[in-house]
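Tertiary structure, described
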Amino acid sequence: MAKTNSEIVFENYCKNGGITCKRILEGGSKSPDYFLIIDGLKIVVEVKEIVPNEAEREAIRLAEEGNALINPPACTPGERVRKKIKESSAQIKARTEKVYPSLLVLFDRGSPVGHLDPYEIRVAMYGLEQVHVAVPRNYSVRPCFTGMSYGPKRKMTEGHNTSISAIGVLYTPNRDEILLDVYHNKFAAVPLNSRLLAKYGTSQFELEDGVIGNTAKWKEISAHDLP
């Protein structure tokens, strides 16, 4: 089977960084794409590609012709990411065997919408943001904002998709550069040790701790935070 664009880019990323990447041969059932071997430890990797839909392809075509960018019809934030999580979960779970950490790597093939920006990843994993407003019984008193929380459409919980240790976003800011940003799943059954990828200069993020009355945002894992 021919490799997808995303698989080729991912293999080049590993090659450029000196990361040992082994292709998993498919058997009778679907399996993840690769094993990464870092410091003797195995990481299960599934690579998925987000392909522009018809409206997005038309927007790209117009932009390439020098026309003003026309925004394609909006979709629910995180929708494309949630779909890829759903497609990948079972095969990742089968290969990790509750022993190995895993990485779902996503690659957006040129969409102008930004399906893989940090906000899209966050609400796909933990749910759409909800604003809470208190409405007094006394109509003469104005409603007031009381906070925010994560709500529906979450894919990562204590009991769902725990086999996915992190989501990686693969991108090419220019022709000669390939980067990978990694967003860790706080509910992972087998967490991905951030130190393994830090040695390759990979940017990594986790949710803030101790946020009260608001939705936790991504914070970058710095060198002094590494386990």
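Here is a short report on the structure shown in this document. Just so it is clear, the model here is predicted, and its values are computed rather than measured.

Concerning the sheet that holds strand S1 (residues 20-23)
- Here eight strands make up an open sheet; going across it, the order is S1-S2-S3-S4-S7-S8-S9-S10 and the pairing mixed. Across the chains shown, the open sheet's two edge strands, defined by having one partner strand only, are S1 and strand S10 (218-220). Across the sheet, the mean angle from the axis of one strand to that of its neighbour is 30°, orientation sign disregarded.
- Summarising the sheet, strand S3 (residues 41-50) and strand S4 (residues 102-108) pair through seven bridges and their orientation is parallel. Considered in S4, the bridge of Val-47 is made with Val-105.
- Where helix H1 (residues 5-17) meets the sheet, it contacts S1, strand S2 (34-38), S3, S4, strand S7 (166-174) and strand S8 (177-184), and its direction lies at approximately 140° from that of S3.

A short note on helix H4 (residues 118-126)
- Extensive coverage of H4 is indicated by the burial of seven of its nine residues.
- The first or second residue beyond H4 is Gly-127, which carries a positive phi of 110°.

Quick word on the pattern of salt bridges
- The tally for this structure, following the rule as stated, stands at eight salt bridges.
- One salt-bridge network, in which partners are shared between bridges, spans Arg-122, Glu-129 and Lys-217.

Remarks on the side chain of Glu-49
- As for its placement among the helices and strands, Glu-49 is situated in strand S3.
- A polar contact of 3.3 Å, which involves the side chain of Glu-49, links it to the backbone nitrogen of Asn-5.
- At a separation of 2.8 Å, a polar atom in the side chain of Glu-49 contacts the main-chain amide nitrogen of Ser-6.
- Once residues within four sequence positions are removed from consideration, Glu-49 is found in contact with Thr-4, Asn-5, Ser-6, Lys-84, Phe-107 and Arg-109.

What to know about the packing of helix H3 (residues 79-96) against H4
- Between H3 and H4, the shortest axis-to-axis distance is 8 Å and the interhelical angle comes to 50°. By the angle between their directions, the pair H3 and H4 is classed as oblique. The element H3 and its partner H4 pack so that their crossing is right-handed. Together, Glu-79, Val-81 and Arg-82 of H3 and Glu-120, Ile-121, Val-123 and Ala-124 of H4 make up the contact between the two elements.
- A per-class count over the contact of H3 with H4 returns four nonpolar, no polar and three charged.

Considerations on the nonpolar core
- By size, the foremost hydrophobic cluster in this structure holds 22 residues, and its most contacted members are Phe-10, Ile-43, Val-45, Leu-103, Val-105, Leu-170 and Leu-192.
- When residues of this core are traced back to their parent elements, those giving at least two are H1, S2, S3, S4, S7, S8 and helix H5 (194-198).
- Examining the composition of this core, we find that four residues originate from one element, H1, more than from any other.
- Counting 21 residues, the second-largest nonpolar core is a separate cluster that includes Ile-50, Tyr-126, Ile-167 and Ala-216.

Thresholds, definitions, all that
Residues numbered from 1 in each chain as written. Predicted model: local features only at pLDDT ≥ 70, side-chain atom pairs only at ≥ 80, totals over all residues. Heavy atoms only, no water. Pairing = 2+ DSSP bridges. Helix = DSSP H or I, 4+ residues; strand = E, 2+ residues; numbered from the N terminus. Axes fitted to C-alpha atoms, helices over the stretch in contact; angles between N-to-C directions. Contact = heavy atoms within 4.5 Å. Buried < 20%, exposed > 50% of the residue type's maximum accessible area, 1.4 Å probe, protein only. Salt bridge = Lys/Arg side-chain N within 4 Å of Asp/Glu carboxyl O. Polar contact = N/O pair within 3.5 Å; in protein donor to acceptor, adjacent residues only side chain to side chain. Parallel < 35°, antiparallel > 145°, perpendicular 65-115°, else oblique. Left-handed = near helix turned anticlockwise from the far one by under 90°. Nonpolar A, V, L, I, M, F, W, Y, C, P; charged D, E, K, R; others polar. Core = buried A, V, L, I, M, F, W, Y, C linked by side-chain atoms within 4.5 Å.

In short, shape yes, function no, at least from these values alone.
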